[in-house]
Each structure stands twice: as C-alpha cells, then as structure tokens.
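Notes for the structure review
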Amino acid sequence: MERERLVESINVLRREREAVILAHNYQPPEIQDLADFVGDSLGLARKAAETEARVVVFCGVHFMAETSAILNPDKVTLLPEPRAGCPLADTVTPEGIRTLRRLHPGAAVVTYVNSTAAVKAESDYCCTSGNAVEVVRSIEAPEIIFTPDGNLGRYVERETGRRLIIWEGCCPIHDRIRPEDVRRLKDEHPGALVVAHPECRPEVLELADEVASTSGMFRVVEDSGREEFIVLTESGMGYPLGKRFPDRRFHFPSPEPLCPDMKVVTLEKVERSLREMEPRITVPEETRLRALRAVERMLAVG
Ligand code: SF4
C-alpha cells in the first residue's frame, strides 16, 4: 500500500515538475519499473542529452548524474541518494591524469565514463564499455592513455591490437568474479552461453562466449537463440533480462556480484527528491565545458 502511494505521488510530481526518470540496469526492480528509461551508461547519457524534460532524476550513481549535468546545464539534475558513489571512479584523480600526460606528451587520454567530471575535464575522449573499442579505434595519436578501468583497458587492447598506457583501477564488483566461479557455473549449466561484462578480469573474459556491455547483453540474448545464459556482471541485471526474456534462464556467479552503491536509491528517496527538488548535482562551468568536449566525442562514436 505504501509502495502504491509513493508511486502515485511520484507520478503526480513528475508531471508537475516536467521530470524524466532515468535508471541504470543495476537499480532495484521497483526503481526500474518506475523509470521512463532504463539502460547502461551510454544509453542513459544519450537519453540525458536528448530529453526535453526540465528535470532529470538520475537513479544511478554520482558520476552518471554528473554526466547528465554536463550535458544539460539548463536543466535540474537530481540524484535521489547523493552518497551513491563508484569506487572505480574514485581510483583516478585529475592530478593523476596530468602526471601521466607529463610522462607521455602527445598521448591522447581516453577516460571511461565511470569517472568524475573533474577527471573527464582532463581527458580528450570519454567512452563507455559499449563503445570503448570504437573510441580507441577512432584515435590516430601515437600513444593512448586509458583510465581508470584496467580490465576494460586490457579488453580494448585485445580487440584493437593497440598497446595502451593503462591506469590500474578496477570495479571491485566485476573484478571479484574469478575463473573458478565461471568454471563451476559452466559445469552446472553446460548448455548455457557465457556473457561477460568487459570490466571482468582478462582470465574471466577468456572463458566467455561473448563480451558485452549491459545493453549489449540484451542483443546477445536476442540474437543467440539460446535458452540459458551465464551472466558475468552485477546481479541487478537479472531483473531487466528476466523481464524482457521471461522464457530464458539466467545464472549469476555465487556469491552474487552486488554493487551496494547501486542499491541505495529507494522510492521514498525518489519521491522526496522530486518534492524538495534536492539533492541537485551541478558541475562548475569551467569544468563542465572541458568535460563536455570529451563526453560529446563519446556520444559521437558508435
Ligand atoms: Fe562502480 Fe562497479 Fe558499482 Fe558500476 S558496479 S557503480 S563500476 S563499483
């Protein structure tokens, strides 16, 4: 009953505020059900760029709302739980990028979208897991610095054949998945297709049939014609996959790869943020303009 009341109140408020609600694939089911659009970082950034809404409620983590604020300086960007961070984004600092640039003059800097606005502002290009390979392929600079996800960087090296100068950060949720977890799942489900997110370790990706971003995983399931899948990413992905493909079976590693930062948004917090129009995410204009260049290059590729 409380849930119905909250959803009703959110629906009234979102109309009044002319708000759009965007949610990442790893968000809790009740948040995904509420959202106008559910997707991965690239899809959400695209939606944020094209929306005509006056208010963007971002159900995800801090860097995602910042990316929306970079793209939409004239709109209000709300992050219902401002403490939702990303340990991967926290591994790299603007000073770290400047140091690498000094060591490698002439190198292009490609930064995964899982990074702060201040780090994006120091970068030449942003990318997501969905277009990192295409972004690197599009660059002619003799050297490329890739930050902050080392596993994604090594995957891009494998796919492009280019040697990258890699910042050794990682997503603790994906990095925790081990080859033995995958082998065990394969023994238990011998007919399953293995689909892995590129934030997983290289030795895990070696065991995968397909490597894909969360949005790419929908395409893999659609196109494969298979009924059973081993999915190597954050376990929240089980909800949108099961919703879209109710007749297929999805298996995740044990212990469950669960990102606590992705689970802190609740209906209560969405309702409160729309009612109070807080907490707002803003980016200083000078930082925003520099970060925008890198984000726009990301959106222009693939
Ligand atoms: Fe960051 Fe990993 Fe959580 Fe995504 S799943 S928000 S990359 S810690």
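Before reading further, recall that the structure is shown in the block above.
Below you will find a few notes about this structure. Just so we're clear, the structure is a prediction, and the values are computed from it rather than from any experiment. (Residues numbered from 1 in each chain as written. Predicted model: local features only at pLDDT ≥ 70, side-chain atom pairs only at ≥ 80, totals over all residues. Heavy atoms only, no water.)

In spatial order, the strands read β2-β1-β3-β4; together these four strands make up an open sheet with parallel pairing. In this open sheet, the two edge strands, each paired with only one partner strand, are β2 (37–39) and β4 (76–78). Neighbour to neighbour, the strand axes of the sheet diverge by 20° on average, direction disregarded. Across three bridges, the pairing between strand β1 (residues 19–24) and β2 is parallel. Its bridge partner being in β2, L22 is matched across the sheet by F37. (Pairing = 2+ DSSP bridges. Helix = DSSP H or I, 4+ residues; strand = E, 2+ residues; numbered from the N terminus. Axes fitted to C-alpha atoms, helices over the stretch in contact; angles between N-to-C directions.)

Okay, the pairing of strand β11 (residues 228–232) next. In terms of residue burial, β11 counts as a mostly covered element, since five of its five residues are buried. Of the two faces of β11, the one carrying E228, I230 and L232 and the one carrying F229 and V231 are both buried. Bridging between β11 and strand β12 (residues 249–251) involves three bridges; their strand directions are parallel. Bridging from a neighbouring strand, I230 pairs with H251 of β12. Each parallel crossover has a hand, and the one from β11 via helix α13 (residues 238–244) to β12 is right-handed. (Buried < 20%, exposed > 50% of the residue type's maximum accessible area, 1.4 Å probe, protein only. Right-handed = clockwise from strand over helix to strand, strands pointing away.)

Let's shift gears to the side chain of N151. Take N151: it is sitting in helix α8 (residues 150–160). With residues near it in sequence (within four places) discarded, N151 still touches G169, C170, D175, P198, E199, C200, R201 and P202. (Contact = heavy atoms within 4.5 Å.)

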